[in-house]
Amino acid sequence: AVREIGSIVREEDVVQTENLTTCMLVVPSGQKKEFVRTYETWANFSFISDDNGGRTNHISIVVPRSAKVLAEDKDYLLYRVVVLSKMVDTFKTTAREKGFQVRDFTFDPEAQHEQEESSEQMKQEC
């Protein structure tokens, strides 16, 4: 079953700027070590630098050590990873190719507040 992640993700877990964006990935528990070891190397941004004698430089499109576990159960972990906004589709494609689920998510504080109130009301009714 697919769980709604809106109630899991908090505002401080989301990075959304002109240059950076947040990706949510579902990682099987058995692949946790492999994911953590490799996610920063999945895709690079290449450019030629005049400061480096015209050599091509390669920079990861992932913010180093940005993977953060937001939730987990016995089978899966929900990770947040911060990547360069212009390269987010490349990262998502690579993640899918490696067998990880990409969960599209846009943080909406108002919707989260409504969901929390609804959950609280359901608890009181039970």
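Residues numbered from 1 in each chain as written. Predicted model: local features only at pLDDT ≥ 70, side-chain atom pairs only at ≥ 80, totals over all residues. Heavy atoms only, no water.

A.B. asks: Which parts of the structure should I look at to understand the side chain of Asp13?
C.D. replies: Inspection of the secondary structure puts Asp13 in the segment before β1 (20-28). Residues in contact with Asp13, not counting those within four places in the same chain, are Ile8, Thr22, Lys68, Leu70 and Arg80. (Helix = DSSP H or I, 4+ residues; strand = E, 2+ residues; numbered from the N terminus. Contact = heavy atoms within 4.5 Å.)

A.B. asks: Please explain the environment of Gln31 as it appears in this structure.
C.D. replies: Considering the arrangement of structural elements, one finds Gln31 in the loop between β1 and α1 (32-38). The exposure class of Gln31 is partly exposed, given its relative accessible area of 29%. With 45 residues separating them along the chain, Gln31 and Tyr76 place their C-alpha atoms 9.1 Å apart. For Gln31, the residues in contact, after removing those within four places along its chain, are Lys98 and Phe100. (Buried < 20%, exposed > 50% of the residue type's maximum accessible area, 1.4 Å probe, protein only.)

A.B. asks: Help me out: how do you make sense of the sheet that holds strand β5 (residues 76-84) in this one?
C.D. replies: The strands that make up a sheet are held in pairs by hydrogen bonds between backbone atoms, and each pair lies either parallel or antiparallel. An order of β4-β5-β1-β6 is seen for the four strands of this open sheet, with the pairing classed as antiparallel. The two strands at the open ends of the sheet, each matched to only one other strand, are β4 (68-72) and β6 (101-103). With strand direction ignored, the average angle separating the axes of adjacent strands in the sheet is 30°. Of the strand pairs in this sheet, β1 and β6 are connected by three bridges, and their pairing is antiparallel. Bridging across to β6, Val26 finds its partner in Gln101. (Pairing = 2+ DSSP bridges. Axes fitted to C-alpha atoms, helices over the stretch in contact; angles between N-to-C directions.)

A.B. asks: How should I be thinking about the packing of aromatic side chains in this particular structure?
C.D. replies: What characterises a pair of aromatic rings is the spacing of the ring centres plus the angle enclosed by the ring planes. Under the counting rule described, the total for this entry stands at six aromatic pairs. Look at Trp42 and Phe91: their rings are 5.2 Å apart centre to centre, the planes differ by 25°, and that puts the pair in the stacked class. Of the two residues, Trp42 is situated in the loop between α1 and β2 (44-48) and Phe91 in helix α2 (residues 88-97); the sequence distance between them amounts to 49 residues. Comparing Trp42 with Phe91, the two get one shared label, buried. One aromatic cluster in this structure is built from Phe35, Tyr39, Trp42, Tyr79, Phe91 and Phe100. (Phe/Tyr/Trp six-rings, centres within 6.5 Å; stacked < 30°, edge-to-face > 60°.)

A.B. asks: Please explain the pattern of salt bridges as it appears in this structure.
C.D. replies: Pairing between side chains of opposite charge can happen when the charged atoms of each approach one another. For the coordinates displayed, the defined rule picks out six salt bridges. With its nearest N and O atoms 3.4 Å apart, the salt bridge here joins Glu12 to Arg10. For Arg10, a relative accessible area of 47% corresponds to the partly exposed category. Among the ionic pairs, Lys74 bridges to Asp75, the shortest N-O distance being 3.7 Å. (Salt bridge = Lys/Arg side-chain N within 4 Å of Asp/Glu carboxyl O.)

A.B. asks: Would you mind going over α2 with me for this structure?
C.D. replies: Structural remark: α-helix, 3.6 residues per turn; residues separated by three or four positions point the same way. Within α2, the full set of buried residues consists of Val88, Phe91, Lys92, Thr94 and Ala95. Projected down its long axis, α2 shows its buried positions confined to an angular sector of 165°, all on one face. Facing away from the buried side of α2, by more than 90 degrees, are the exposed residues Asp89 and Glu97. In this fold, the buried residues of α2 make contact with β1, β5 and β6. Phi for Gly99, located one or two positions after α2, is positive at around 90°. (Arc of directions from axis to C-beta.)

A.B. asks: Even after reading the chapter, I still don't get the environment of Ile5, so can you show me in this structure?
C.D. replies: Take Ile5: it is sitting in the segment before β1. Among the residues examined, Ile5 registers a relative accessible area of 4% and is labelled buried. Residues Ile5 and Leu70, 65 residues apart in the sequence, show an inter-C-alpha distance of 9.5 Å. If sequence neighbours within four positions are ignored, Ile5 has contacts with Met24, Leu78, Arg103 and Phe105.

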